[in-house]
Amino acid sequence: MLYKVYCDETCHLEHDGINDMVIGAVWCPQDKLRKINQRIQKIKIRNGISPSAEMKWTKISPAKVQAYKDVIDYFFDDDDLHFRAIIIRDKTKLNHAAFHQTHDEWYYKMYFDMLKVILSPEDQYEIYIDIKDTLSYQKAQKLKEVCSNSMYDFSQNVIRRLQPVRSDEIQIMQLVDILIGAVGYENRIFPEGFVKSQAKLDIINLIKKRSNYSLSRTTLLREEKCNLFIWDARDTI
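Thresholds, definitions, all that
Here the residue numbers are simple positions, counted from 1 along each chain's written sequence. Since the coordinates come from a predicted model, pLDDT governs what is reported: local features require at least 70, and pairs of side-chain atoms require 80 or more to be given and counted, while whole-chain, interface and lining totals use all residues. Hydrogen atoms and water are omitted, and side-chain values are computed over all heavy atoms in the structure. Numbering of helices and strands runs from the N terminus, with a helix taken as a DSSP run of H or I at least four residues long and a strand as a DSSP run of E at least two residues long. Only C-alpha atoms enter the radius of gyration; for comparison, a globular chain is expected to reach 2.2 Å times N to the power 0.38, where N is the number of residues. Note on exposure labels: buried denotes an accessible area under 20% of the residue type's maximum, exposed denotes more than 50%, and partly exposed covers the range between, all computed with a 1.4 Å probe on protein chains only. We call two residues in contact when some of their heavy atoms are within 4.5 Å. For each structure, a 1 Å grid was placed over the protein atoms alone; sets of points admitting a 1.4 Å probe that cannot get out are labelled cavities, open sets with protein on both sides within 12 Å along at least five of seven lines are labelled pockets, and lining residues have an atom within 4 Å of a point. Grid points are joined across faces, edges and corners, and a volume is the space filled by probe spheres set on the points. Gly is placed with the polar residues, together with every amino acid not listed as nonpolar (Ala, Val, Leu, Ile, Met, Phe, Trp, Tyr, Cys and Pro) or charged (Asp, Glu, Lys and Arg).

### Re the overall build of the protein
- Counting its regular elements, the protein contains six helices and six strands.
- For the protein, the N- to C-terminal ordering of α and β elements is β-β-α-α-β-α-β-α-β-α-α-β.
- Computed over the C-alpha atoms, the radius of gyration of the protein is 17 Å, within 12% of the 18 Å expected from 2.2 N^0.38 for a compact globule of 237 residues.
- Summarising its shape, the C-alpha atoms of the protein cover approximately 50 × 45 × 35 Å along the three principal directions.
- Counting every position in the protein, which comprises 237 residues, the buried fraction comes to 53%.
- A sequence separation of at least 24 residues applies to 73% of the contacts in the protein between residues at least 6 apart.

This is the structure in structure tokens:
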């Protein structure tokens, strides 16, 4: 089977002042991708949103919250869609020097830890990461090297492709952004007095209800729909 895997990350910079970081992916069989993208476009149109408009966690507002609820419900209703995320807690406690590594080296390890639960040597995968900056291509090549070597996939038969893409041009990539945004928001420590967005809390509560998970604890390893792993930097000190 050939699978398409769409990856994104949030709060991944080392010194951004945010306690948590999330790396996640949504994947599906390659032959189902067209149908999935069309369904997301139809949800947008039904809710008065242009099919070419980008849905993002940061864009959730009371006026458009129903569209985001519909997308989340669609994700949980479609058995071809799956989500996996690794949540790094308290990245301010990271001590790379103690482990003789750079932040970038650690970052690639975390990315592979997120992907390794998805990948099977019996199948093939095309992996796409969201373009963040001019270094996205080099990052994609490094990540492909790390993943292939870690899986002993030196001939790259399992990971056929790993490349950056623009999230605003791919519907399913926008779903990844919403899901990792929700997980990150749920696990974030906000400043005292910070007023949380009720619209975003509504989306988080819907994901909790549909998944039957708190979004703040590790799920079973073989969880196929909404697979989460909590990695606490404090445990490595």
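### Brief notes about the side chain of Asp130
- Along the chain, Asp130 falls in strand β4 (residues 124-130).
- With near-sequence residues (within four places) excluded, Asp130 lies in contact with Cys7, Asp8, Ser136, Val165, Arg166, Ser167 and Met173.

### Focus on the layout of surface pockets
- In this model, the largest pocket occupies a volume close to 350 Å³.
- As for the largest pocket, its lining consists of 13 residues, of which Trp27, Val117, Ile118, Arg222 and Glu224 are closest to the centre.
- Looking at the lining of the largest pocket, its residues break down into six nonpolar, three polar and four charged.

### Quick notes on unusual backbone geometry
- At Asn212, a residue that is not glycine, the phi angle is positive and equals roughly 65°.
- Inspection of the secondary structure puts Asn212 in the loop between α6 (198-211) and β6 (226-232).
- Residue classification places Asn212 among the exposed residues on the basis of a relative accessible area of 66%.
- The phi dihedral of Leu215 is positive, around 75°, even though this residue is not glycine.
- Take Leu215: it is sitting in the loop between α6 and β6.

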